[in-house]
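Tertiary structure, described
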Amino acid sequence: MTEQSSATASLNAASTTVRRGTFSVDIILALVAMAGPLYVDIMPAIIATLRSEYCLRPDQAGFVAGANGYGSMLGALLALFLVSRVPWRAFLIGLLAMLIVADLATMAVYDYYWMLSIRFIHGLAGGLLASVAYALMSQTADTRRSFGVLFVFHFGFGGIGIAMSSFFAGKMHSGIVFGILAAFGMIAAVIVPLLPQFRQPGPSSRSRSAALTEWLTLPLILKVCGIFLFQAANLGLGAFMIGIAADLGQSRAFAGLVVGLGLTAGIPGSLLMILLSRKLGWRPVAPALLIAGVAKTLVLVGTTPAAFALSVSSIYFTMAVALPYVLAACATDDKGGRGTVLGGLASKLGLACGPVAAGFLYAQGSSHLVVTAGLASAMAAAVFAFSFRLADTRGNN
């Protein structure tokens, strides 16, 4: 009787593993996870909309974007404490409802201070949403593939979103870019019930102090710092990409189209990451970050339409190779999902600080912002290289 029960339990566990490892589950998790930080992918369109339609100054637009980011950071921080306490499926649906309401409210509000509050609430819900989804991704059969699929959709839908908002900008004046965000949130809410049953993320029943020392290791802390640097560089540069294009002599309409289409270069980049992870494991992480930093500096030579389009495409392509890698790397330190939640927190902090710091750098000149973004990515590469070296050294001892 005991052997039969054990066999049944093993069969059920195997069935659960298969369902969680299917490609369709990766797709559903990716669509749900990206509903929160989708604003990051279409940030150039949001900044342009805030400046033109909402008549905000560059520094005010940067602070509105920063409010979204700081709310997201707080949400990711709260997720460390809530992810194990609230049933994850109901939690996801409730958070998506908050996102939809916040986006619809933004379409109707033009006051700067009200907008700061609404976007902060949006960021809070989005940060919680993404963190819960990341924790579920750490339980899939191939975490690197799960994050790779996530960023395939991130860059694909980001490009479509910018292209659509640029196309309708002259025809609709009701914050269409925020309407796109609300519509995607509705789609994500519909597919949450399709997810299979996951174990509730969070620590095991052992003592909290013992569990903390097991997963919060120095290599993980280094990875978290690297993610912060890289994401600050990514959104700091991306938020002012259209303005940089104008400084280089390109029209804003052309720049918006190029940024939208350039985002789609992240699709093959994310697919390449999935292929590299299968062939080379974690070895390409640091080189990918370094190459991404070099690609950022190429925007300075985009004085012609073709050169600007090529530089933007190279930025998003290399970013798409590196981003899934660095977030998935946090799952190697803790399969309970806390490592990826902490990595998500670092990502949100970087996304929050990036546009604010970039606003001050951009005021000093486009080249200051571009060079700083490249150096920050190079520093992230060095930090990740050291974290993997340290983990290998500890593993051999």
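What counts as what
Residues numbered from 1 in each chain as written. Predicted model: local features only at pLDDT ≥ 70, side-chain atom pairs only at ≥ 80, totals over all residues. Heavy atoms only, no water. Helix = DSSP H or I, 4+ residues; strand = E, 2+ residues; numbered from the N terminus. Buried < 20%, exposed > 50% of the residue type's maximum accessible area, 1.4 Å probe, protein only. Polar contact = N/O pair within 3.5 Å; in protein donor to acceptor, adjacent residues only side chain to side chain. Contact = heavy atoms within 4.5 Å. Expected span 1.5 Å × (residues − 1). Bend = angle between axes of the 7 residues up to and from the residue. Patch = residues over 30% accessible without salt bridge, like charges linked within 9 Å, V, L, I, M, F, W, Y side chains within 5 Å. Areas by Shrake-Rupley, 256 points an atom, 1.4 Å probe, with all protein chains shown as cover. Salt bridge = Lys/Arg side-chain N within 4 Å of Asp/Glu carboxyl O. Axes fitted to C-alpha atoms, helices over the stretch in contact; angles between N-to-C directions. Left-handed = near helix turned anticlockwise from the far one by under 90°. Nonpolar A, V, L, I, M, F, W, Y, C, P; charged D, E, K, R; others polar. Core = buried A, V, L, I, M, F, W, Y, C linked by side-chain atoms within 4.5 Å. pLDDT = per-residue confidence, 0-100.

It is worth spelling out the side chain of Asp 26 at this point. Relative to the helices and strands, Asp 26 resides in helix H2 (residues 23-34). Judged by its relative accessible area of 1%, Asp 26 falls in the buried class. A distance of 2.7 Å separates the side chain of Asp 26 from the side chain of Ser 146, its partner in a polar contact. When neighbours within four sequence positions are excluded, Asp 26 is seen to be in contact with Thr 140, Arg 145, Ser 146 and Val 149.

Structural remark: α-helix, 3.6 residues per turn; residues separated by three or four positions point the same way. Taking 1.5 Å of rise per residue, the 27 residues of helix H17 (residues 338-364) would be expected to cover 39 Å, and the 39 Å separating its terminal C-alpha atoms lies within 8% of that figure. If you look at H17, its biggest bend is around 25 degrees, right at Gly 354, and the proline Pro 355 turns up within four residues after that. Judged by how many residues are buried, H17 sits mostly within the fold: 19 of 27 residues are covered. Just downstream of H17, Gly 365 is the residue with a positive phi angle, here 135 degrees.

It is worth spelling out a nonpolar patch on the surface at this point. Together, Tyr 70, Leu 74, Leu 77, Leu 78, Phe 81, Met 98, Phe 120 and Ile 121 make up an exposed nonpolar region whose accessible area comes to about 650 Å². Secondary structure elements with two or more residues in the nonpolar patch: helix H5 (58-82) and helix H7 (112-137). Of the residues forming the nonpolar patch, the biggest block, five residues, is contributed by H5. Inspection of the secondary structure puts Leu 78 in helix H5.

Time to look at the pattern of salt bridges. Inspection of every chain in the model, using the stated rule, returns three salt bridges. Measuring nitrogen to oxygen at the nearest pair gives 3.2 Å for the salt bridge that ties Asp 59 to Arg 57. Residue classification places Asp 59 among the partly exposed positions, given a relative accessible area of 38%. Of the residues examined, Arg 57 reaches a relative accessible area of 47% and is grouped as partly exposed. Among the ionic pairs, Arg 119 bridges to Asp 103, the shortest N-O distance being 3.1 Å. Of the two residues, Arg 119 is situated in helix H7 and Asp 103 in helix H6 (residues 88-108); the sequence distance between them amounts to 16 residues.

This part covers the packing of H5 against H7. Contact geometry for H5 and H7: axes closest at 6 Å, N-to-C directions at 35 degrees. The interaxial crossing formed by H5 with H7 has right-handed handedness. When the residues that make up the contact of H5 with H7 are grouped by side-chain class, the tally is 15 nonpolar, nine polar and one charged.

Turning next to the nonpolar core. Judged by nonpolar contacts, the single largest core of 114 residues is most densely connected at Ile 46, Leu 50, Leu 92, Leu 150, Leu 289 and Phe 308. At 14 residues, the largest contribution of residues to this core is made by helix H16 (residues 305-329). Discounting chain neighbours no more than four positions away, the residues touching Leu 289 are Phe 230, Ala 322, Val 326, Ser 377, Ala 380, Ala 381 and Phe 384.

One can find Ser 277 in helix H14 (residues 266-280). Leave out the neighbours within four places in its chain, and Ser 277 touches Arg 144 and Tyr 325.

When pLDDT is averaged along the protein chain, the result is 82, and 85% of the positions lie at 70 or above. Mean pLDDT per element in the protein chain: helix H1 (residues 2-21) is the minimum at 40, and helix H15 (residues 285-297) is the maximum at 95. Note on residues 1-18: pLDDT under 50 across the span, and one contact to partners over four residues away in sequence or across chains.

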